[in-house]
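The chain contents come next:
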Number of protein chains: 2
Amino acid sequence: MKKKAVILAGGQGSRFWPMSRIERPKQFLALGTSEESLLQSTVKRVEKIVGKGNVIVVASNDYVEEILKHTPEVTIIEEPMAKNTAPCIGLAASLIAKEDPETVLLVFPADHAVEGSEGFEKIFNLACEVASKEDVLVTIGMQPTKPNTAYGYIQREEKPFFQNEVYRVKRFYEKPSIERAQQYVENKDFYWNSGMFVWRASSILRAIETHVPQLSVGLQKIQKAYGTAEYTTVLKAEFLAAEAVSIDLGVMEHAKNVVVIPADCFSWNDVGSWDAWAEQFKADKDKNVLPANAISIDSTECVVLSNIERSYVVRTDVVRAENKERLIALVGLENIFVIDTDDALLICHKDKAQEVKKVVEKLKVMGKTAYL
Amino acid sequence: MKKKAVILAGGQGSRFWPMSRIERPKQFLALGTSEESLLQSTVKRVEKIVGKGNVIVVASNDYVEEILKHTPEVTIIEEPMAKNTAPCIGLAASLIAKEDPETVLLVFPADHAVEGSEGFEKIFNLACEVASKEDVLVTIGMQPTKPNTAYGYIQREEKPFFQNEVYRVKRFYEKPSIERAQQYVENKDFYWNSGMFVWRASSILRAIETHVPQLSVGLQKIQKAYGTAEYTTVLKAEFLAAEAVSIDLGVMEHAKNVVVIPADCFSWNDVGSWDAWAEQFKADKDKNVLPANAISIDSTECVVLSNIERSYVVRTDVVRAENKERLIALVGLENIFVIDTDDALLICHKDKAQEVKKVVEKLKVMGKTAYL
């Protein structure tokens, strides 16, 4: 079985401001539990399944240099512009299919965090097996642990379809209300849509042809031009024309051959915002997640992250680093996140972590591009 | 009438950490609405009443150099060690009385903020008049605007004692419960004890003799030694022996000749903690007090103070100032105070501003002296 991992690294997420910036989006930050960037961890993780040399990263030209700094051994497919996940996945599938349409593709966002490599490998080996044997689109479903309204949900059929571990999908549900999410958590047939997929190139291209026919036409032109002098021009033109639609909305929600593998043997976090990020870390006895240079008084469920390595003195004409860490003190706080960087400090209520992107929008409106 | 202002500058308040430090306590910080330190503003304010050359600052030797940097023209009386306000005020009164016991003394904490100089002068001129004519201890009472539990309260007699504007004091009340404080605010006979006093040197020394006789004996010895070679030795010995008691607890609460002048023609703030400090400033439409380099999203009643002038990059071997301000963003916060300094960042709930001193205590216990 020929396998290729396709890593989607085009994200420009602004929810991790001030750590993330236009030139340094989330996938390039060490937002997991290790010191590696999310992209590095993702590549390492999937290399174990597909083997070195079989990892493809899809991203815009702007990030190519940065990607190669993080993961020099990957193959890069450049997307001419950000067009959401359907065109991006379709592009990778088309180019790979030109060589061998029966290649099994494992699709991963570059910016999620996973713990538990054994379980991860087990699930994806199974996913590859079913995808190679059947014309199905395999999704990986995570057992919901709380009524998260930022995730999509997958409902499975009751009885397994393959090996007692793979189920046909009954329905997809987009980000639900809190009441709906609560019902989904209580119902054992519902899973979080992890955004990780496995399918043969031919299967996903067929599904795109059925459900996003216009994109399919474009992809066929791109595939045809691939390897010729016209490739870049055709790619650009077809991407420009392509509708920016997600693979979930464009394909998965309509396709009849979607299956789900419930993955309970590894932990997964989409690192979608500062509050999701914080869930990866063990809290202290007061339920805070604090670095060594922070102290707390009467504070609970707070999170501090600082990338300022030392304290400093900046006065009109003097910049002097002091030989001590910067200290962060919390007094009487609940559910407060503090993200302290060189040129910007964010303080955010946990429940409003999704609104950090509004800061970025406001900075744009104010013309404060230096902070973007 | 001979007048001298006695400014008490011995405070080591830790409630303004991280702005205040052991070597730079509150009185030396620009915590008012101007760019002057609280000490500078206090000296300027009282010079208008007593005249230049008649301002005495009482403080420990540790602060002499700093005091002269801020206010080079004052006379300094050094206290050998911090012993609260009764010994400190008694010392100043004894030394001044050696020259002329009928000198009227105006006593001010160095670290309060006042707005409205005309009203201030009017009240203190009246206070000097009554203190010079009667053997009374004059307190300045501020009209309570809210049930503050951090202040002492003064209850006056119903009918005026002097010029329809000076009342005898019925009773002092120490920091009350919130219920009591609410009653005091509703009762028009109650005032906040501003900690500002006016009396003749002879009057306060007589009151100390009556109510803190042991201190009085020590002060007489110091007065006798003043101007001789033994002064420093005697001062040190007597201060070492003196009980550390406040003028309120030791004298004012017991004396029968205390009067109060209700001061409604200037505004006063004891700048006792970050929340009191914030009350001096006009809030924006969301009730926040923010500097130009802060932006807020869905946040209300927050306060930001930063003394970091520019942003900077500190990496292992590089310190580089960037040509932009440091940016502070608040998202979804209520009643949060952010104090951002070079080597330490404080984030504190408004209701817990009094607990900032616990941070300082914890730093001491942890041996983190560099941040004290």
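Keep in mind that what you see is a predicted model, and the values were worked out from it rather than measured. (Residues numbered from 1 in each chain as written. Chains lettered and ligands numbered in written order. Predicted model: local features only at pLDDT ≥ 70, side-chain atom pairs only at ≥ 80, totals over all residues.)

**Comments concerning the overall build of chain A**
Okay, so step 1: What chain A contains, in helices and strands, is 11 helices and 18 strands.
Okay, so step 2: Its C-alpha atoms give chain A a radius of gyration of 22 Å, near enough to 21 Å, the size a compact globule of 372 residues would have.
Okay, so step 3: Principal-axis analysis of the C-alpha atoms gives chain A an extent of 60 × 50 × 35 Å.
Okay, so step 4: Each of the 372 residues in chain A was classed as buried or not, and the buried ones make up 48%. (Helix = DSSP H or I, 4+ residues; strand = E, 2+ residues; numbered from the N terminus. Rg over C-alpha atoms; globule rule 2.2 N^0.38 Å. Buried ≥ 20, exposed ≤ 12 C-beta atoms within 10 Å, placed from the backbone.)

**Considering the sheet that holds strand 17 (residues 336-340) of chain B**
Okay, so step 1: Taken together, five strands build an open sheet; the order of strands is 12(A)-16(A)-18(B)-17(B)-13(B) and the sheet is mixed. If you trace the sheet from one side to the other, it starts and ends with strand 12 (294-297) of chain A together with strand 13 (303-306) of chain B, each paired once. Sheet twist, expressed as the mean angle between neighbouring strand axes with direction ignored, is 10°.
Okay, so step 2: Note that strand 17 of chain B and strand 18 (residues 344-349) of chain B share five bridges and pair antiparallel. In the strand pairing of strand 18 of chain B, B:I336 is matched with B:H349.
Okay, so step 3: Its contacts with the sheet put helix 11 (residues 356-365) of chain B on strand 12 and strand 16 (327-331) of chain A together with strand 18 of chain B, and the angle it makes with strand 12 of chain A is roughly 130°. (Pairing = 2+ DSSP bridges. Axes fitted to C-alpha atoms, helices over the stretch in contact; angles between N-to-C directions. Contact = placed C-beta atoms within 7 Å.)

**Focus on helix 8 (residues 231-241) of chain A**
Residues and elements named next belong to chain A.
Okay, so step 1: Among the residues making up helix 8, those that are buried are L235, E238 and F239. What you see down the axis of helix 8 is that its buried residues fit within an arc of 100°, all on one side. Along helix 8, the residues that are exposed and aim more than 90 degrees away from the buried face are T233 and L240.
Okay, so step 2: Contacts made by the buried residues of helix 8 are with strand 3 (75-79), helix 3 (85-99) and helix 7 (213-225). (Arc of directions from axis to C-beta.)

**Some points on the sheet that holds strand 17 (residues 336-340) of chain A**
Pairing between sheet strands relies on hydrogen bonds along the backbone, with the strands arranged either parallel or antiparallel.
Okay, so step 1: Strand order in the open sheet formed by five strands is 13(A)-17(A)-18(A)-16(B)-12(B), and the pairing between neighbours is mixed. Edge strands, defined here as strands with exactly one partner in the open sheet, are strand 13 (303-306) of chain A together with strand 12 (294-297) of chain B. Between one strand and the next, the sheet's axes are offset by a mean angle of 10°, whatever the strand orientation.
Okay, so step 2: Of the pairings in the sheet, the one linking strand 12 of chain B to strand 16 (residues 327-331) of chain B comprises four bridges and is parallel in character. In the strand pairing of strand 16 of chain B, B:A294 is matched with B:I328.
Okay, so step 3: Here helix 11 (residues 356-365) of chain A sits on the sheet in contact with strand 18 (344-349) of chain A together with strand 12 and strand 16 of chain B, set at roughly 130° to strand 12 of chain B.

**As for the environment of A:R206**
Residues and elements named next belong to chain A.
Okay, so step 1: Mapped onto the fold, R206 is located in helix 6 (residues 201-211).
Okay, so step 2: The exposure class of R206 is partly exposed, given the 18 C-beta atoms found within 10 Å.
Okay, so step 3: Separated by 10 residues in the primary sequence, R206 and S216 place their C-alpha atoms 8.5 Å from one another.

**Some words on the domain arrangement of chain A**
Residue and element names in this part refer to chain A.
Okay, so step 1: Each assigned domain of chain A is listed with its residue range as follows: domain 1 (3-272) and domain 2 (276-371).
Okay, so step 2: A straight line from the C-alpha centre of domain 1 to that of domain 2 covers 31 Å.
Okay, so step 3: Taken together, the residues that form the side of domain 1 that touches domain 2 break down as seven nonpolar, five polar and two charged. (Domains from an automatic or database assignment. Nonpolar A, V, L, I, M, F, W, Y, C, P; charged D, E, K, R; others polar.)

**What to know about the packing of helix 3 of chain A against helix 7 of chain A**
Between two packed helices, both the angle of their axes relative to each other and the distance between the axes serve to describe the pair.
All names here are of chain A.
Okay, so step 1: Put simply, helix 3 and helix 7 touch, their axes get as near as 9 Å, and they point 40° apart. The angle between helix 3 and helix 7 falls in the class oblique. With respect to the hand of their crossing, helix 3 and helix 7 are arranged in right-handed fashion. Contacts between helix 3 and helix 7 involve A86, P87, G90, L91, S94, L95, A97 and K98 from the former and L215, L219, I222 and Q223 from the latter. (Parallel < 35°, antiparallel > 145°, perpendicular 65-115°, else oblique. Left-handed = near helix turned anticlockwise from the far one by under 90°.)

**Description of the environment of B:Q354**
Residue and element names in this part refer to chain B.
Okay, so step 1: Position of Q354 among the secondary structure elements: in the loop between strand 18 and helix 11.
Okay, so step 2: Using a count of 18 C-beta atoms within 10 Å as the deciding quantity, one classes Q354 as partly exposed.
Okay, so step 3: Taking the C-alpha atoms as reference points, Q354 and W274, 80 residues apart in sequence, are found 8.0 Å from one another.
Okay, so step 4: Setting aside anything within four residues of it in sequence, one finds Q354 in contact with R15, A150 and S273.

**Observations concerning helix 1 (residues 38-50) of chain A**
An α-helical segment advances 3.6 residues per turn. Residues three or four places apart therefore align on the same side.
Residue and element names in this part refer to chain A.
Okay, so step 1: Across its 13 residues, helix 1 extends 18 Å between first and last C-alpha, which sits within 8% of the 18 Å expected from 1.5 Å per residue.
Okay, so step 2: Turning to helix 1, its buried residues are L38, L39, S41, T42, V43, R45, V46, I49 and V50.
Okay, so step 3: Note on helix 1: the residue one or two positions beyond its end, G51, has a positive phi of about 85°. (Expected span 1.5 Å × (residues − 1).)

**Some points on the pairing of strand 3 (residues 75-79) of chain B**
All names here are of chain B.
Okay, so step 1: Note: strand 2 (residues 55-60) against strand 3, five bridges, orientation parallel. The residue bridging S60 from the neighbouring strand is E79, located in strand 3.
Okay, so step 2: For the segment spanning strand 2, helix 2 (residues 64-70) and strand 3, crossover handedness is right-handed. (Right-handed = clockwise from strand over helix to strand, strands pointing away.)

**Quick word on unusual backbone geometry**
Okay, so step 1: Following A:W17, the chain continues to A:P18 via a peptide bond in cis, the omega torsion being 5°.
Okay, so step 2: Located in the positive-phi region is B:D298, a residue other than glycine, with phi close to 50°.
Okay, so step 3: Locating B:D298 in the fold gives a position in the loop between strand 12 and strand 13.
Okay, so step 4: Judged by the 15 C-beta atoms lying within 10 Å of it, B:D298 falls in the partly exposed class.
Okay, so step 5: If you check the backbone angles, B:E301 has positive phi at about 55° while not being a glycine.
Okay, so step 6: Mapped onto the fold, B:E301 is located in the loop between strand 12 and strand 13.

**Digging into the packing of helix 7 of chain A against helix 8 of chain A**
Residue and element names in this part refer to chain A.
Okay, so step 1: At a minimum axis separation of 9 Å, helix 7 and helix 8 run at an interaxial angle of 170°. In terms of orientation, helix 7 and helix 8 fall into the roughly antiparallel class. Seen from helix 7, the contacting residues are G218, K221, I222 and A225; seen from helix 8, they are Y231, V234, L235, E238 and A241.

**What to know about the confidence of the model for chain A**
Okay, so step 1: Scored by pLDDT, chain A comes out at a mean of 93, with 96% of its residues at no less than 70.
Okay, so step 2: Among the scores for the predicted complex, ipTM is 0.87 and pTM is 0.87. (pLDDT = per-residue confidence, 0-100.)

**A look at the pairing of strand 2 of chain B**
Residue and element names in this part refer to chain B.
Okay, so step 1: Taken together, the four bridges between strand 1 (residues 3-8) and strand 2 define a ladder with parallel strand orientation. In the sheet register, I7 faces strand 2, and the bridge partner there is V57.
Okay, so step 2: Assessed by its sense of winding, the connection that carries the chain from strand 1 through helix 1 (residues 38-50) to strand 2 is right-handed.

**Concerning the environment of B:I204**
Residue and element names in this part refer to chain B.
Okay, so step 1: Here I204 is to be found in helix 6 (residues 201-211).
Okay, so step 2: The exposure class of I204 is buried, given the 27 C-beta atoms found within 10 Å.
Okay, so step 3: Along the sequence, I204 and P101 sit 103 residues apart, while their C-alpha atoms lie 10.0 Å from each other.
Okay, so step 4: Residues contacting I204, with those up to four places away along its chain left out, are I89, A93, L105, L137 and W199.

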